[in-house]
Amino acid sequence: MKILAIETSCDETAAAVVEDGRKVLSSTVASQIDEHIKYGGVVPEIASRMHSECITAIVRAALYKAELTLTDIDAIAVTFAPGLIGALLVGVNYAKGLSYSSGLPLIPVHHLRAHIAANYISSPDLKPPFLALVVSGGHSHLVEVKDYTEFKILGRTRDDAAGEALDKTARAMGFPYPGGANMDKSCKDGNPNAFALPRPHVEGSPLDFSFSGLKTAVLNIINNANQKGEKINYEDLGASVMARVADCLVENTLGAAKLSGLKEIVLAGGVAANSVLRNKITKMCSENNFELFIPPLSLCGDNAAMIGSQGFYEFLAGKKADLNLNAFATMDIDF
Ligand code: KG4
Ligand code: ZN
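In short, a report on the structure. The shown structure was predicted, so the numbers you read here are calculated from the model rather than taken from an experiment. (Residues numbered from 1 in each chain as written. Chains lettered and ligands numbered in written order. Predicted model: local features only at pLDDT ≥ 70, side-chain atom pairs only at ≥ 80, totals over all residues. Heavy atoms only, no water.)

### Topic: the side chain of Thr 169
Examined against the element boundaries, Thr 169 turns out to sit in helix α5 (residues 162-172). Exposure remark for Thr 169: the relative accessible area of 1% places this residue in the buried category. Among the polar contacts listed, one links the side chain of Thr 169 to the backbone oxygen of Leu 166, at a separation of 3.2 Å. Setting aside residues up to four positions removed in sequence, Thr 169 forms contacts with Met 183, Lys 215, Val 218 and Val 241. (Helix = DSSP H or I, 4+ residues; strand = E, 2+ residues; numbered from the N terminus. Buried < 20%, exposed > 50% of the residue type's maximum accessible area, 1.4 Å probe, protein only. Polar contact = N/O pair within 3.5 Å; in protein donor to acceptor, adjacent residues only side chain to side chain. Contact = heavy atoms within 4.5 Å.)

Written as structure tokens, this is what we have:
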């Protein structure tokens, strides 16, 4: 079964053709970074307009690269939640139009489910059940993936997502947008123990995360130094922040694995590209004899191949949408 997949939840316009949920026939991504970099973050209105401008070309490019036409496609999958509402609506409405004109079934896909599904592409033998750590710009979840379309949230952030904390501290340190990725690139040789940063816990909920206190502590360090006219070694501060965020994520993942008894662990989402997190979770999994699945960097950030993969399993589970499909800025993964 060949699925044409569309993703427009944030600042990447993406389309892909995926066969049977696992084989990527083509994947095209148009990044808007060059535009949003001027503002230090994603400007939702600009994101929507840019999606509108390039979605037709991106979908055509995905079909062209797969050497297919719409008549070879069996279904259309689209991200409908969560994300920037105006951005999501561009993809959803485009997919609805395409479904209406072609008569092809329309499959609604949850963005975070799709981040997990990126691992089905890179690890063809991976099957649920497993434990997933999903870390993106807007979400930090520990999820028991019971089946391809059955999820149970074991832990979640109470405030900022991991990516958000990295992006905001990176911005305060002067790293350009996207902050998390640029901090990772620039702080590889920094000393991760140079700054004593708090290790946040959520009292009574050991699998939940909280990153806003850590973010505030870093902003205070920067403000205090600025007031005193002192210089900060941002390479060390960045390395310290990334180490502390990764420690929180990895410790809770270990806790969730012990509690659930799951021995297969999947990393997913944009922050899965972080080199410190990748190293720390690899070490933890090898020390505890867990099997770890990490997508290649090309499948960590937003892309449509992962939408096509999850879309296949949603279709098998009978999840189809009609032309009333709407987009939603927030929606739990276990909706
Ligand atoms: O999944 P994603 O591409 O978009 C959302 O669904 O939010 O995740 C974006 C997040 C941003 O916070 C970005 O800074 C972060 O992933 N990110 C990274 C790295 N690459 C992307 N954070 C740390 N290190 C990286 N290498
Ligand atoms: Zn994402």
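Following the structure, the description resumes.
### A few points about the coordination of the zinc ion (ligand 2)
Coordination of the zinc ion (ligand 2) by the protein comes from His 111 (NE2), His 115 (NE2) and Asp 302 (OD), over a distance range of 2.0 to 2.1 Å. The exposure class assigned to His 115 is buried, which follows from its relative accessible area of 1%. (Donors = N, O, S within 2.8 Å, 3.2 Å for Na, K, Ca; no water.)

### Quick notes on the site of ligand 1
In the vicinity of ligand 1 there are 17 residues, among which His 115, Gly 137, Asp 167, Asp 184 and Asn 274 approach most closely. In the model, an oxygen atom of ligand 1 is placed 2.5 Å from a nitrogen or oxygen of the Asp 167 side chain. Between Asp 302 and ligand 1, the recorded distance is 3.3 Å, taken from a side-chain N or O atom to an oxygen atom. For ligand 1, whose unbound accessible area comes to 550 Å², protein coverage reaches 84%. Counting residues per element, the ones that place at least two in the shell around ligand 1 are α4 (111-122), α5 and α6 (179-186). (Near = heavy atom within 4 Å. Areas by Shrake-Rupley, 256 points an atom, 1.4 Å probe, with all protein chains shown as cover.)

### Focus: the packing of helix α8 (residues 234-260) against helix α9 (residues 275-287)
At a minimum axis distance of 9 Å, the contact between α8 and α9 shows a crossing angle of 35°. Relative to α9, α8 is oriented so that their crossing is right-handed. On α9, the residues that touch Met 242, Ala 243, Ala 246, Asp 247, Leu 249, Val 250, Thr 253 and Leu 254 of α8 are Val 276, Leu 277, Lys 280, Ile 281 and Met 284. Along the lines of polarity and charge, the residues of the contact of α8 with α9 split into 10 nonpolar, one polar and two charged. (Axes fitted to C-alpha atoms, helices over the stretch in contact; angles between N-to-C directions. Left-handed = near helix turned anticlockwise from the far one by under 90°. Nonpolar A, V, L, I, M, F, W, Y, C, P; charged D, E, K, R; others polar.)

### Topic: the nonpolar core
Membership of the largest hydrophobic core comes to 43 residues, with the highest contact counts inside it found for Met 183, Phe 211 and Leu 249. Of all the elements in the fold, those that place two or more residues in this core are β6 (130-135), α5, α7 (212-228), α8, β9 (264-268) and α9. Among the elements that take part in this core, α8 stands out by supplying 10 residues, more than any other. In contact with Met 183, other than residues within four places in its own chain, are Leu 166, Thr 169, Ala 170, Met 173, Phe 175, Gly 238, Val 241 and Met 242. Judged by nonpolar contacts, the second largest core, of 36 residues, contains Ala 117, Ala 118, Ala 132 and Ala 305. (Core = buried A, V, L, I, M, F, W, Y, C linked by side-chain atoms within 4.5 Å.)

### Structural notes on the sheet that holds strand β8 (residues 150-156)
Spatial strand order, β8-β7-β6-β9-β10: five strands in an open sheet with mixed pairing. Two strands lie at the open edges of the sheet, namely β8 and β10 (291-293), each paired on one side alone. Pairwise comparison of adjacent strand axes, ignoring direction, gives a mean angle of 25° for this sheet. Relative to β9, β6 is paired through four bridges, and the arrangement is parallel. The residue of β9 that forms the bridge with Leu 131 is Ile 265. Contacting β6, β7 (140-147), β8 and β9, α8 crosses the sheet at an angle of about 155° to β6. (Pairing = 2+ DSSP bridges.)

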